[in-house]
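Observations on chain architecture
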Amino acid sequence: HYELMDGEIIEKMGQNPPHASVLTRLARWLTQQYQEYVLRIQSPLAFRESMGLFHEPEPDVALCLPPETNYDLCHPYPNDTVLLI
């Protein structure tokens, strides 16, 4: 698994069974506890640094502000994110 960030290839860690299992349980729990937010699983977030560099990391879990349709044409930005795991 690799990710391209600002022209640099970064090796990403794959998911082993314990990681995938915990992620599944965490997603279920967060959905039950925080229904008012948008749950995103391993989906990109948009980060722009002051020097114009642009990153789209893919965290395991992000809770973002509603409505979900806000992210139809662009990824959430940091100010859209209330929890990041």
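Please read these numbers as outputs of a predicted model, since none were measured by experiment. The numbering scheme is per chain: residues are counted from 1 as the chain's sequence reads. Two thresholds apply to this predicted model, a pLDDT of at least 70 for residue-level local features and 80 or more for giving and counting side-chain atom pairs, whereas whole-chain, interface and lining totals are computed over all residues. Excluded from the side-chain calculations are hydrogens and water; all other atoms, namely the structure's heavy atoms, are used.

**Quick look at the sheet that holds strand β6 (residues 61-64)**
Two strands pair under a simple rule: DSSP has to find at least two bridges between them. Strands here mean DSSP runs of E at least two residues long; helices mean DSSP runs of H or I at least four residues long; both are numbered from the N terminus. Taken in spatial order, the three strands line up as β3-β6-β7 in an open sheet, and their pairing is antiparallel. Pairing within the sheet leaves two strands with one partner each, and these edge strands are β3 (38-41) and β7 (81-84). The average undirected angle you get between the axes of adjacent strands in this sheet is 20 degrees. Bridging between β3 and β6 involves four bridges; their strand directions are antiparallel. Looking at β6, one finds that Ile 41 is bridged to Val 61. Contacts: residue pairs with any heavy atoms within 4.5 Å of one another. With axes taken as lines fitted to C-alpha atoms, and helix axes fitted only over the stretch in contact, angles between N-to-C directions fall between 0 and 180 degrees. Its contacts with the sheet put helix α1 (residues 17-33) on β3, β6 and β7, and the angle it makes with β3 is roughly 170 degrees.

**Some thoughts on the packing of aromatic side chains**
We call Phe, Tyr and Trp rings a pair once their centres come within 6.5 Å, taking the six-membered ring for Trp, and we label the pair stacked below 30 degrees between planes, edge-to-face above 60, and tilted otherwise. With the rule as written, the count across this model stands at one aromatic pair. Residues Trp 29 and Tyr 34 carry aromatic rings whose centres are separated by 6.1 Å and whose planes lie at 75 degrees to one another, so their mutual orientation is edge-to-face. Residue Trp 29 is classed as partly exposed on the basis of its relative accessible area, which comes to 42%. Under the scheme applied here, a residue whose accessible area is under 20% of the maximum for its type counts as buried, over 50% as exposed, and between as partly exposed, the area being computed with a 1.4 Å probe on protein chains only.

**Thoughts on the nonpolar core**
Here, nonpolar core means buried Ala, Val, Leu, Ile, Met, Phe, Trp, Tyr and Cys residues that are tied together by side-chain atoms lying within 4.5 Å of each other. Core analysis: the biggest nonpolar cluster contains five residues, these being Val 38, Leu 45, Ala 62, Cys 64 and Tyr 71. In this structure, Val 38 is in contact with Ala 62, Leu 63, Cys 64, Leu 65, Pro 66, Pro 67, Glu 68 and Tyr 71, ignoring residues within four places of it in sequence.

**Examining the pairing of β6**
On β6, burial covers both faces: Val 61 and Leu 63 on one face and Ala 62 and Cys 64 on the other are all buried. Summarising the sheet, β6 and β7 pair through three bridges and their orientation is antiparallel. Among the inter-strand pairings, Leu 63 is bridged to a residue of β7, identified as Leu 83.

**Focus on the layout of surface pockets**
Throughout, the protein atoms alone are placed on a 1 Å grid, and a set of points is a cavity if a 1.4 Å probe fits but cannot get out or a pocket if it is open with protein on both sides within 12 Å along at least five of seven lines; lining residues have an atom within 4 Å of a point. Grid points are joined across faces, edges and corners, and a volume is the space filled by probe spheres set on the points. By volume, the largest pocket is sized at about 250 Å³. Taken together, His 1, Glu 3, Ile 10, Lys 12, Met 13, Gly 14, Gln 15, His 19, Gln 42, Glu 58 and Asp 60 form the lining of the largest pocket. Throughout, the ten residues Ala, Val, Leu, Ile, Met, Phe, Trp, Tyr, Cys and Pro are labelled nonpolar, Asp, Glu, Lys and Arg are labelled charged, and all others, Gly among them, are labelled polar. Of the residues contributing to the lining of the largest pocket, the split by class is two nonpolar, five polar and four charged.

**Examining unusual backbone geometry**
With the exception of glycine, the majority of residues adopt a negative phi angle, and the majority of peptide bonds are in the trans configuration. At the junction of Pro 66 and Pro 67, the peptide bond is cis and its omega measures out at 0 degrees in the coordinates. Inspection of the secondary structure assignment puts Pro 67 in the loop between β6 and β7. The backbone phi angle of Gln 42 is positive, close to 50 degrees, even though this residue is not glycine. Examined against the element boundaries, Gln 42 turns out to sit in the loop between β3 and β4 (47-48).

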